[in-house]
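As a plain string of letters, each chain reads:
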Amino acid sequence: MTSSDQLDHEDSAQARPSQDGASANARTRQVLAAKLQLTSLALNCTTHKEICARFSAANALTAFTPQNAYKWFAGKALPRLSSVYSDWAVVLGGHLTPTFIAASSFIEFAEALSRSHALPEGAIGRLSPDGPPPEMPEMADEPGTRAPLPAEHKSQWKADRVLAGRYLAISPAWSPLEMGQLVVGHVEIGPLDRHRSKFTYREDLFGRAFVLSGEMVTDARYAQAILHADFARRVWVLNLHLPPFPASLLTGLLSGSAVLDFDGRLLTGRMMLIRDYNDNAIGTLPTYAAPDPELIDAWLARLGYREGKERLTFAKNAIDFTLGTCDGTLIDVPPEDQRALGLALDKLAPLEGRQRSASDIKIYSASARVI
């Protein structure tokens, strides 16, 4: 028998328990399996291999091996080593004790986990061994259900609520004149309902406020918004990764076009949102800024982050992430590429799809007209 089998051999290998004891043991295995499934959702792990890697990172000698994980997730066995629960606590960030993870009911574990991790809508009720638990916030609008949780607990840890707050926004400059610089803006996210938030981005351009706003929708992994400008019939698309509580850092992509760009390029650039823990104490900052780690370190201080060499290191890494390359090159679609590819494909189109034959089509002009 292998050491893994020794740790997790089935209860049938021991003295046969009473019927009540067997039922209780099966129940305990079901609760453990449900806790593990909820943990996987909270950590965005879609396979046993992924969650095993999390445990291995916490403890290279962990007993949370793929073989054991299969049996635990299937409700066929229980961990025989208490160190598994210690590793589990580390994986979840250390806010839950090993004893609590091992001894708590599924509902107790789920409520504690939801205070630090964004959980998918309805996941607790779906995974609970007893079915939907009482007083779940997502059931509040359903007729005939129990009363919702008290206001001080309702929804504040859910995926669509964990983002609420003010942020400093940093992104690469889109203007050709400011290429390689950072664009600095301010973001405010406020809840609308169970699945939506209001996203407002503001930066100052040449003494004028430039504002983008829109409705943000969230699921277990992403937050997405279509943002409208307050001065033009133009939209931008924002996609952010959804982090667990406290969501100090949001990263993602912003796609659209630069306000001041005579080429009219279609662009995609990285965006980084850093939570403001000092309630908007950062005040006004210049729109364009040099990619200087010490400058970002000073901003982090104003946002309430602790001083130290780790903060300066984060500032350097933030610049590397935001610019992507040394010159701040963006993912774009130059108009001349569109014109060249469009002409090539027009020549391949069937005759009925064209007003003129391919031989009559001349090159695209600078204004992208067919002449």
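Going by the structure above, here's the rest.
Bear in mind that the values here come from a model prediction, so they are computed numbers and not experimental data. (Residues numbered from 1 in each chain as written. Predicted model: local features only at pLDDT ≥ 70, side-chain atom pairs only at ≥ 80, totals over all residues. Heavy atoms only, no water.)

Novice: What is the right way to read the overall build of the protein from this model?
Specialist: Assigned secondary structure in the protein consists of eleven helices and ten strands. With 371 residues in all, the protein has 39% of them scored as buried. Contacts spanning at least 24 positions in sequence make up 52% of the contacts within the protein whose residues lie at least 6 apart. Accessible surface computed for the protein: about 20,400 Å², of which carbon and sulfur atoms make up 55%. (Helix = DSSP H or I, 4+ residues; strand = E, 2+ residues; numbered from the N terminus. Buried < 20%, exposed > 50% of the residue type's maximum accessible area, 1.4 Å probe, protein only. Contact = heavy atoms within 4.5 Å. Areas by Shrake-Rupley, 256 points an atom, 1.4 Å probe, with all protein chains shown as cover.)

Novice: How should the nonpolar core be read in this particular structure?
Specialist: A general tendency of soluble globular proteins is for nonpolar side chains to be buried together. Of all hydrophobic cores here, the largest spans 35 residues; its most connected members are Leu38, Phe64, Trp88, Leu92, Ile101, Phe106 and Phe109. Of all elements in the fold, only helix 2 (19-42), helix 3 (48-58), helix 4 (66-73), helix 5 (83-91), helix 7 (106-114) and helix 8 (123-127) reach the threshold of two or more residues within this core. No other element matches helix 2, which puts six residues into this core. Those residues in contact with Ile101 that sit more than four places away from it in its chain are Lys35, Tyr85, Trp88, Ala89, Leu92, Leu96 and Phe109. (Core = buried A, V, L, I, M, F, W, Y, C linked by side-chain atoms within 4.5 Å.)

Novice: Looking at this structure, I do not really get the pairing of strand 7 (residues 249-256). What am I missing?
Specialist: Across a regular strand the side chains alternate sides, sitting on one face of the sheet and then on the other. Here strand 6 (residues 235-241) pairs with strand 7 via four bridges, running antiparallel. Bridge pairing in strand 7 links Val237 to Ser255. Taken together, the eight bridges between strand 7 and strand 8 (residues 266-275) define a ladder with antiparallel strand orientation. In the strand pairing of strand 8, Leu254 is matched with Gly269. (Pairing = 2+ DSSP bridges.)

Novice: What is the right way to read the pairing of strand 2 (residues 182-191) from this model?
Specialist: Note that strand 1 (residues 165-172) and strand 2 share eight bridges and pair antiparallel. Among the inter-strand pairings, Arg166 is bridged to a residue of strand 2, identified as Glu188. Here strand 2 runs beside strand 9 (residues 288-289); their pairing, made up of two bridges, is antiparallel. Looking at strand 9, one finds that Val183 is bridged to Tyr288. With six bridges connecting them, strand 2 and strand 3 (residues 196-205) associate as antiparallel partners. In the strand pairing of strand 3, Glu188 is matched with Thr200.

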